[in-house]
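Spelled out from the first residue to the last, the chains are:
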Amino acid sequence: MSDDDALFPLELVQPETHDAGPRLIAPGAVHVAGWLTGEQQRWIVARFAEWTQGPVPLRAATLPGGHQMSVRTVCLGWHWQPYKYTREATDVNGRPVLDFPEWMVRLGRKAVAAAYASDGGENGSTALASAYTPDAALVNFYNDGAAMGMHQDKDERSDAPVVSLSIGESCVFRFGNTKTRTKPYTDVELRSGDLFVFGGPSRFAYHGIPKVLPGTAPADCGLTHGRINITMRVTGLS
Ligand SMILES: O=C(O)CCC(=O)C(=O)O
Ligand SMILES: [Fe+2]
């Protein structure tokens, strides 16, 4: 058995399907296709329009090497900038970040419960879901060829799961391993309304968005073009 096999057994990856129901991608990493209804997606798109009104605008972050990301982001709860969380957007306009909405905490709990439900609560999934209290969200907007390179979400001081929601155009989500930004990885197509949760042994796995698939936004999602992604996190900061 190669190291890669040990890290990422092939049997783990079930055939790709867009039927509802959780699909295990790696230990602790679950894809739930079609989790949000069209009505929920349209409602979230309307909230997104409000968030982008400020006080902090949608902005493409600049990495320490001077490279500007192609994705634009607005944050809730804590403002993320490479590579830390702050309460004020000191790399944008110095204004305070929006509050983390109560409804999103409830949605995050439901998401963790839905993703980890298949063990019937036996491995502590029910307790994990009810205790889950995300306090930061990065709300990403992808258009005009925007993509996101392979990275780990590691600016949080907590190993609580990351909850990711997708609305609008489909994308390829590359979900890798915790050791390297390269193979082994699994490419998952995330469509409008899909949920992806990564926690446990996959919490610090490398992941990225190699491409968004233009023209794939469904008519009922509330977006005509582009892709919104919300990733909720527990920062472990106070
Ligand atoms: O757009 C996505 O689905 C992933 C976003 C992401 O990895 C991040 O914001 O850290
Ligand atoms: Fe990420």
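Residues numbered from 1 in each chain as written. Chains lettered and ligands numbered in written order. Predicted model: local features only at pLDDT ≥ 70, side-chain atom pairs only at ≥ 80, totals over all residues.

A. How the structure looks around the overall build of the protein chain. Each helix and strand in the protein chain was counted, giving 4 helices and 13 strands. The proportion of buried residues among the 238 residues of the protein chain is 39%. A sequence separation of at least 24 residues applies to 73% of the contacts in the protein chain between residues at least 6 apart. (Helix = DSSP H or I, 4+ residues; strand = E, 2+ residues; numbered from the N terminus. Buried ≥ 20, exposed ≤ 12 C-beta atoms within 10 Å, placed from the backbone. Contact = placed C-beta atoms within 7 Å.)

B. Looking closely at the site of ligand 1. Ligand 1 sits among L138, N140, M148, D153, S164, F173, H207, I209, N229 and T231. Here the residues of the shell around ligand 1 are counted per class, giving 4 nonpolar, 5 polar and 1 charged. (Near = placed C-beta within 6 Å. Nonpolar A, V, L, I, M, F, W, Y, C, P; charged D, E, K, R; others polar.)

C. The arrangement of unusual backbone geometry in detail. In this structure, the amide linkage connecting G54 to the following residue, P55, adopts the cis form with an omega of 10 degrees. In this structure, P55 sits in the loop between α2 (38–51) and β3 (72–76). The residue after K183, namely P184, is reached through a cis peptide bond having omega 5 degrees. Structurally, the position occupied by P184 is in the loop between β9 (171–175) and β10 (186–190).

D. The confidence of the model for the protein chain, seen in detail. Per-residue confidence for the protein chain gives a mean pLDDT of 92, with 90% of residues at or over 70. When the criterion is pLDDT under 50, residues 1–12 qualifies, and its contacts beyond four places in sequence or with other chains add up to 11 contacts. For this predicted complex, the interface confidence reaches an ipTM of 0.99, while the overall pTM sits at 0.92. (pLDDT = per-residue confidence, 0-100.)

E. Summary view of the pairing of strand β1 (residues 22–26). Pairing of β1 with strand β2 (residues 29–32), which is carried by 4 bridges, proceeds in the antiparallel orientation. The residue bridging R23 from the neighbouring strand is H31, located in β2. Counted between consecutive antiparallel strands, the loop separating β1 from β2 contains 2 residues, among which G28 sits at a positive phi close to 85 degrees. (Pairing = 2+ DSSP bridges.)

F. Representation of the sheet that holds β9 within the structure. Ordered by their spatial adjacency, 4 strands build an open sheet running β7-β12-β9-β10, and the pairing between neighbours is antiparallel. Every interior strand has two partners, whereas the edge strands, β7 (148–151) and β10, have only one. Neighbour-to-neighbour, the strand axes of the sheet open up by a mean angle of 25 degrees, direction not taken into account. Pairing of β9 with β10 involves 5 bridges; the strand directions are antiparallel. Its bridge partner lying in β10, C171 is registered against L190. (Axes fitted to C-alpha atoms, helices over the stretch in contact; angles between N-to-C directions.)

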